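# Observations on the three-dimensional arrangement
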Amino acid sequence: MPHIRLTACLAVVALLATACVGEPRDGREPVVVGVGSTAEQHVLASLTVAALASEEIPTEVREELGTTVGLRREATNGRIDLFWDYTGAAWALGLGEQAPPADPEESWKRVRQADRRNGLLWLEASAADATFALFVRSDAIPGDGNATMSWLAGELSGAERSLCADPDFLLRPGGLDALAGEYAIDLARVPRRPTGEAEAIAAVEEERCFAGLATATSGAARLSDLAPVADDLGVLPAFVAAPVVRAESPADVTEVAEALEPVARGLDTQTLARINAQYEGGGDLEELAEQFLEEVAAD
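Quick summary incoming for the structure in this document. (Residues numbered from 1 in each chain as written. Predicted model: local features only at pLDDT ≥ 70, side-chain atom pairs only at ≥ 80, totals over all residues. Heavy atoms only, no water.)

### Notes on the pairing of strand β10 (residues 241-246)
The buried count for β10 comes to six of six residues, which makes it a mostly enclosed element. Neither face of β10 is exposed, since Ala-241, Pro-243 and Val-245 on one face and Ala-242, Val-244 and Arg-246 on the opposite face are all buried. Sheet topology note: the strand β3 (residues 82-86)/β10 ladder contains five bridges and is antiparallel. Pairing of Phe-83 across the sheet is with Val-244, part of β10. When strand β4 (residues 120-122) meets β10, the two strands line up antiparallel, connected through three bridges. Paired with Leu-121 across the bridge in β10 is Val-245. (Buried < 20%, exposed > 50% of the residue type's maximum accessible area, 1.4 Å probe, protein only. Helix = DSSP H or I, 4+ residues; strand = E, 2+ residues; numbered from the N terminus. Pairing = 2+ DSSP bridges.)

Below, the structure written as structure tokens:
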């Protein structure tokens with residue numbers, strides 16, 4: 001599953017776990033928001049809590065719940081009411097299905113339908129797709145700014161430029177081999193270095209690798225002034241971010257869905273990446289969430 005391997009700031013975690021707990025209104029139980037163990041999950045949780053607070057919906061936050069598997073387990077066991085998940089991750093890791101769809105809408109429709117039997121209700125999806133992406137230095141992209149995989153394929157094959165990527169992506173079916181097949185990349189001419197995401201970003205920034213693998217919403221890549229390369233043939237699976245509600249929980253009410261609709265509507269891949277970068281660059285989560293909601297309200 002694509003994810004940003006970063007340790008969440010303990011001070012921010014403490015803030016989320018305390019300041020974001022509201023008093024029940026009219027005897028209402030708080031909505032328990034689950035948060036995974038990535039910087040992006042903390043960003044999404046902060047946006048969620050702020051949106052619910054704006055409608056006077058009380059919340060409680062439970063953080064550091066791992067990846068998709070951990071979040072889903074907590075929800076199906078009744079310990080959290082609401083969390084953000086990624087369609088491709090839910091399809092492959094949560095539901096155990098093969099070949100996550102590349103089309104974002106199809107990806108969301110499939111998991112929404114399949115997860116009903118698990119008591120997990122997918123709300124309206126955002127346009128933020130946290131799929132894998134290859135990043136290059138901003139000063140390496142073509143003069144027309146059209147950085148696509150079709151362009152990168154030629155660069156990698158023609159100049160024997162190195163690629164840094166997660167070992168699993170380099171070796172498993174449907175990873176690099178899928179890109180190579182669709183984009184006619186001559187892998188025999190591509191030096192490959194197995195690295196984690198953080199090392200891949202650093203290697204590209206320092207010109208030790210020409211391209212590196214990260215998530216399309218990576219804040220760290222943006223902070224390093226790296227540019228994502230567009231998957232113009234739509235090969236990689238969609239990992240669309242969307243809020244998921246546990247059925248018959250305090251979150252399973254119309255006003256929660258309505259409160260989160262502006263968040264989903266306002267988030268696309270670039271916007272989520274920007275907020276991730278602001279947070280990872282030292283920004284205050286509460287202030288970033290308030291700023292985002294103000295921007296959405298002004299549109």
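### Looking at the state of the cysteines
With the rule as written, the count across this model stands at one disulfide. There is a disulfide in this structure between Cys-164 and Cys-209, and the S-S distance comes to 2.0 Å. Note on the Cys-164 and Cys-209 pair: the S-S dihedral is about 60 degrees, so by sign convention the disulfide is right-handed. Taken together, the residues span a long stretch of sequence, with Cys-164 in strand β6 (residues 163-165) and Cys-209 in the loop between α9 (197-205) and β8 (211-215) at a distance of 45 residues. The class of Cys-209 is buried, set by a relative accessible area of 3%. (Disulfide = S-S within 2.5 Å.)

### Some words on the pattern of salt bridges
Any two side chains of opposite charge can pair, so long as their charged atoms come close to each other. Counting across every chain of the model gives 14 salt bridges. Residue Arg-110 is joined to Glu-106 by a salt bridge in which the shortest nitrogen-to-oxygen separation is 2.9 Å. Here Arg-110 and its partner Glu-106 are both found in helix α5 (residues 104-115), four residues apart, which amounts to about one turn of the helix. Taking the relative accessible area as the measure of exposure, Arg-110 reaches 33% and is therefore partly exposed. For Glu-106, a relative accessible area of 33% corresponds to the partly exposed category. Glu-199 is the salt-bridge partner of Arg-208, the closest N and O atoms lying 2.9 Å from each other. (Salt bridge = Lys/Arg side-chain N within 4 Å of Asp/Glu carboxyl O.)

### Let's talk about the pairing of strand β1 (residues 31-34)
Of the two faces of β1, the one carrying Val-31 and Val-33 and the one carrying Val-32 and Gly-34 are both buried. Remark: the β1/helix α2 (residues 39-54)/strand β2 (residues 59-62) crossover connection has right-handed handedness. (Right-handed = clockwise from strand over helix to strand, strands pointing away.)

### Focus on the side chain of Arg-246
Note on placement: Arg-246 falls in strand β10. Within the structure, Arg-246 has its side chain in polar contact with the backbone oxygen of Ile-80 (distance 3.0 Å). In contact with Arg-246, not counting residues within four places along its chain, are Ala-75, Gly-78, Ile-80, Asp-81, Gly-119, Leu-120 and Asp-252. (Polar contact = N/O pair within 3.5 Å; in protein donor to acceptor, adjacent residues only side chain to side chain. Contact = heavy atoms within 4.5 Å.)

### Concerning the packing of helix α12 (residues 269-280) against helix α13 (residues 285-298)
Following both chains from N to C, one finds α12 and α13 inclined at 155 degrees, their axes separated by 10 Å at the closest point. Compared by their axis directions, α12 and α13 come out roughly antiparallel. As α12 runs across α13, the sense of the crossing is right-handed. Contacts from Thr-271, Arg-274, Ile-275, Gln-278 and Tyr-279 of α12 reach α13 at Leu-285, Leu-288, Phe-292 and Glu-295. Looking at the contact of α12 with α13 residue by residue, the class counts come to five nonpolar, two polar and two charged. (Axes fitted to C-alpha atoms, helices over the stretch in contact; angles between N-to-C directions. Parallel < 35°, antiparallel > 145°, perpendicular 65-115°, else oblique. Left-handed = near helix turned anticlockwise from the far one by under 90°. Nonpolar A, V, L, I, M, F, W, Y, C, P; charged D, E, K, R; others polar.)

### Things to note about the sheet that holds β6
Each strand in a sheet pairs with its neighbour through backbone hydrogen bonds, running either in the same direction (parallel) or in the opposite one (antiparallel). With mixed pairing, five strands are arranged side by side in an open sheet as β7-β6-β8-β5-β9. Each having just a single partner strand, β7 (192-194) and β9 (226-229) make up the two edges of the open sheet. The mean inter-strand angle of the sheet, taken between neighbouring strand axes irrespective of direction, is 35 degrees.

### Digging into α5
Between the first and last C-alpha of α5 there are 17 Å, a value that for twelve residues agrees with the 16 Å anticipated at 1.5 Å per step. Within the span of α5, buried status applies to Ser-107, Trp-108, Val-111, Ala-114 and Asp-115. Mapping the buried residues of α5 onto a view down its axis gives an arc of 145 degrees, with all of them on the same face. Elements that come into contact with the buried residues of α5 comprise α3 (68-76), α4 (87-94), β4 and β10. Backbone nitrogen of Glu-105 and a side-chain oxygen of the N-cap are separated by 3.3 Å at the start of α5; the cap is Asp-103. (Expected span 1.5 Å × (residues − 1). Arc of directions from axis to C-beta.)

### A word on the nonpolar core
Val-31, Leu-47, Leu-52, Leu-82 and Leu-267 are the most contacted members of the largest nonpolar core, which totals 38 residues. Element by element, the count of residues in this core is highest for α2, at nine residues. Those residues in contact with Leu-52 that lie beyond four places of it in its chain are Val-31, Ile-57, Thr-59, Leu-82, Val-256, Ala-259 and Leu-260. (Core = buried A, V, L, I, M, F, W, Y, C linked by side-chain atoms within 4.5 Å.)

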